[in-house]
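Residue strings, one per chain:
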Amino acid sequence: MAYVQVENAVKYFSREDGTDMLVLDRVSFDTKEFGITCLLGPSGCGKSTLLNAISGLERLDQGRVEVISNHGSAPSHSPRLGYVFQDPRLLHWKSVEENLTFALKGMSIPHAEWSDRLRKYLEIVGLSEFRNQFPLYLSGGMRQRVGLARGLVIEPEVLLMDEPFSKLDQLTARRLREETLRICEHLKQSTVLVTHDVEEAAYMGDRIIILCARPAGIVDILENPLPPGARDVDDLQFIAFKKRLLQSVLKLMEKDEVPS
Ligand SMILES: Nc1ncnc2c1ncn2[C@@H]1O[C@H](COP(=O)(O)OP(=O)(O)OP(=O)(O)O)[C@@H](O)[C@H]1O
Ligand SMILES: [Mg+2]
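Computed from a predicted model, the values in this text were never measured in an experiment.

Engineer: Just checking my understanding: could you explain the overall build of the protein chain for this structure?
Structural biologist: If you tally the helices and strands in the protein chain, you get seven helices and nine strands. A compact globule built from 260 residues would reach a C-alpha radius of gyration of about 18 Å, and the protein chain, at 18 Å, matches this within 12%. Principal axes of the C-alpha set define a box for the protein chain whose edges measure 60 × 45 × 40 Å. Counting all 260 residues of the protein chain, 48% fall into the buried class. Looking at the protein chain as shown, the accessible area adds up to about 13,400 Å², and 49% of this sits on carbon and sulfur atoms.

This is the structure:
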């Protein structure tokens, strides 16, 4: 199984006045032993920046990020990486299906597999009927589902997901969380999922990394006591874990409120 290793990640962005703003403050973790690692942190703390650094879209100022394959470290063995962006970033001049085939082509997935995969993942996100539609004519939630399907359709070894269910209604989000969990278990992907929803973190994460407000640093790490198949949002054990997670987040917020 491929996995992600982040070591002492430090990232600054420039403010408009030219001063530096620290966004990532020595963040270290790896996803080796875990199917889904959730990054849970407040808005603006640096979660998307961290995913961008893992994907190679953003360069770190210090530290390093590696996506490691069990097949060796040569570039030819670099694991297939899928990224479900916070803003779906679809190609507006291509149809839903063409957006997905563009990803399949980019990852050199054999053409013979395309139609089965398209059928499967469009059905999972509930967009089979809209396969020939262009993104501009879809709702925000539908676009987000296309983004999710595009990340899943390549069946990546490492999957990065940035708040993939945030624009969906409660029932659709619930169904897609279940499906995504099932897919990740089946494909044995190493997944990093960003969220600021405590229940989503408790449901999706095999391990939850809690980040503080900017600059993002790790303040707590909790392992989920329940295996994916045993997570039921109405179950008492699940509710107890969600409570533990919430307490950890609330403790952090109290600290942030103390005037310095
Ligand atoms: N390219 C950039 N240039 C300058 N500042 C940036 C850039 N990208 C992000 N930032 C700043 O870095 C900080 C972290 O942004 P980031 O998008 O990583 O937050 P986030 O945790 O993903 O937030 P949210 O939960 O709202 O999506 C913010 O203050 C943001 O304004
Ligand atoms: Mg973000």
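Engineer: Please clarify how the coordination of the magnesium ion (ligand 2) should be interpreted in this entry.
Structural biologist: Expected angles at a metal are 109.5 degrees for tetrahedral coordination by four donors and either 90 or 180 degrees for octahedral coordination by six donors. Taken together, the protein donors to the magnesium ion (ligand 2) comprise Ser48 (OG) and Gln86 (OE1), at separations of 2.0 to 2.2 Å. One end of the pair, Ser48, is in helix α1 (residues 47-55); the other, Gln86, is in the loop between β5 (81-84) and α2 (96-106), with 38 residues separating them in the sequence.

Engineer: Sorry if this is basic, but what is going on with the state of the cysteines here?
Structural biologist: Simply put, the disulfide is a covalent bond whose two ends are the sulfur atoms of two cysteines. Evaluation of the coordinates by the stated rule reveals zero disulfides. Its sulfur unpaired, Cys45 is 7.3 Å from the next cysteine sulfur, which belongs to Cys212. In this structure Cys184 is not part of a disulfide, and its nearest cysteine sulfur, from Cys38, lies 10 Å away.

Engineer: What am I meant to see in the site of ligand 1 here?
Structural biologist: Neighbouring residues of ligand 1: 15 residues in total, closest Ser43, Gly44, Lys47, Thr49 and Gln86. Between ligand 1 and Gly46, the relevant distance is 2.9 Å, taken from an oxygen atom to a main-chain nitrogen or oxygen of the residue. Here ligand 1 loses 64% of its free accessible area of 640 Å² to cover by the protein chains. Mapped by element, the contributors of at least two residues to the shell around ligand 1 are β2 (20-30) and α1. When its residues are assigned to classes, the shell around ligand 1 shows five nonpolar, seven polar and three charged.

Engineer: Help me understand the pairing of strand β9 (residues 218-223) in this model?
Structural biologist: Side-chain direction in a regular strand flips from residue to residue, so the side chains alternate between the two faces of the sheet. In terms of strand pairing, strand β8 (residues 207-211) meets β9 through five bridges, oriented antiparallel. Residue Ile210 lies in a different strand from β9, and its bridge partner there is Asp220. Hairpin connection between β8 and β9: a loop of six residues separates the two successive antiparallel strands.

Engineer: Can you walk me through the pattern of salt bridges in this structure?
Structural biologist: Pairs can form between side chains of opposite charge whenever their charged atoms are close. Taken as a whole, this structure holds 14 salt bridges when the rule is applied. Among the salt bridges present, the one from Lys120 reaches Glu155, with a minimum N-O distance of 3.9 Å. Of this pair, Lys120 sits in helix α3 (residues 111-124) while Glu155 sits in the loop between α4 (140-153) and β6 (158-162); the two residues are 35 residues apart in sequence, bridging distant segments of the chain. Here Glu155 falls in the partly exposed class, since its relative accessible area comes to 22%. Arg182 serves as the salt-bridge partner of Glu179, at 2.4 Å between the closest nitrogen and oxygen. Residue Glu179 and its partner Arg182 are located together in helix α5 (residues 170-187), separated by three residues, close to a single helical turn. Ionic contacts of the salt-bridge type, sharing partners, join the residues Glu113, Arg117, Lys120 and Glu155 into one network.

Engineer: I'm lost on α5 in this one. Help?
Structural biologist: Residues that lie three or four places apart on an α-helix share one face, since the helix turns once every 3.6 residues. For α5, with 18 residues, the first-to-last C-alpha span of 26 Å sits near the 26 Å given by 1.5 Å per residue. Among the residues of α5, those classed as buried are Thr172, Ala173, Leu176, Arg177, Glu179, Thr180, Leu181, Ile183 and Cys184. Contacts from the buried residues of α5 go to β3 (36-40), α3, α4, β6, β7 (190-195) and α6 (198-204).

Rules and cut-offs
All residue numbers refer to position in the chain's written sequence, counted from 1. Ligands are numbered from 1 and chains lettered from A, in the order in which they are written. Where local features are concerned, this predicted model is filtered to residues with pLDDT of at least 70; where side-chain atom pairs are given and counted, the filter is 80 or more; whole-chain, interface and lining totals use all residues. As a convention, hydrogens and water are excluded, and side-chain values are obtained from all of the structure's heavy atoms. Only DSSP runs of H or I with at least four residues qualify as helices, and only runs of E with at least two residues qualify as strands; both kinds are numbered from the N terminus onward. The globule rule used here is 2.2 Å times the number of residues to the 0.38 power, and the radius of gyration it is set against is calculated over C-alpha atoms. Three exposure classes are used, based on accessible area relative to the maximum for each residue type with a 1.4 Å probe and protein chains only: buried under 20%, partly exposed in between, and exposed over 50%. Values of accessible area rely on a 1.4 Å probe in the Shrake-Rupley scheme; residue burial ignores everything except the protein chains shown. Keep in mind that water is not among the atoms, so a site may look incomplete; donors are the N, O and S atoms within 2.8 Å of the metal, or 3.2 Å for Na, K and Ca. In plain terms, two cysteine sulfur atoms within 2.5 Å form what is called a disulfide here. Whether a residue is near a molecule or strand is decided by its heavy atoms; if any one of them lies within 4 Å of it, the residue is near. In protein, a polar contact means a hydrogen-donor-capable atom and an acceptor-capable atom, both N or O and within 3.5 Å, with residues adjacent in sequence counting only if both atoms are side-chain atoms; elsewhere, any N or O pair within 3.5 Å suffices. Gly falls in the polar group here, along with every residue not listed as nonpolar (Ala, Val, Leu, Ile, Met, Phe, Trp, Tyr, Cys, Pro) or charged (Asp, Glu, Lys, Arg). Two strands qualify as a pair provided that DSSP identifies no fewer than 2 bridges between them. For salt bridges, the criterion is a side-chain nitrogen of Lys or Arg within 4 Å of an Asp or Glu carboxyl oxygen. Residue count minus one, scaled by 1.5 Å, sets the expected span of a helix. Contacts between residues were defined by any pair of non-hydrogen atoms, one from each residue, lying within 4.5 Å.

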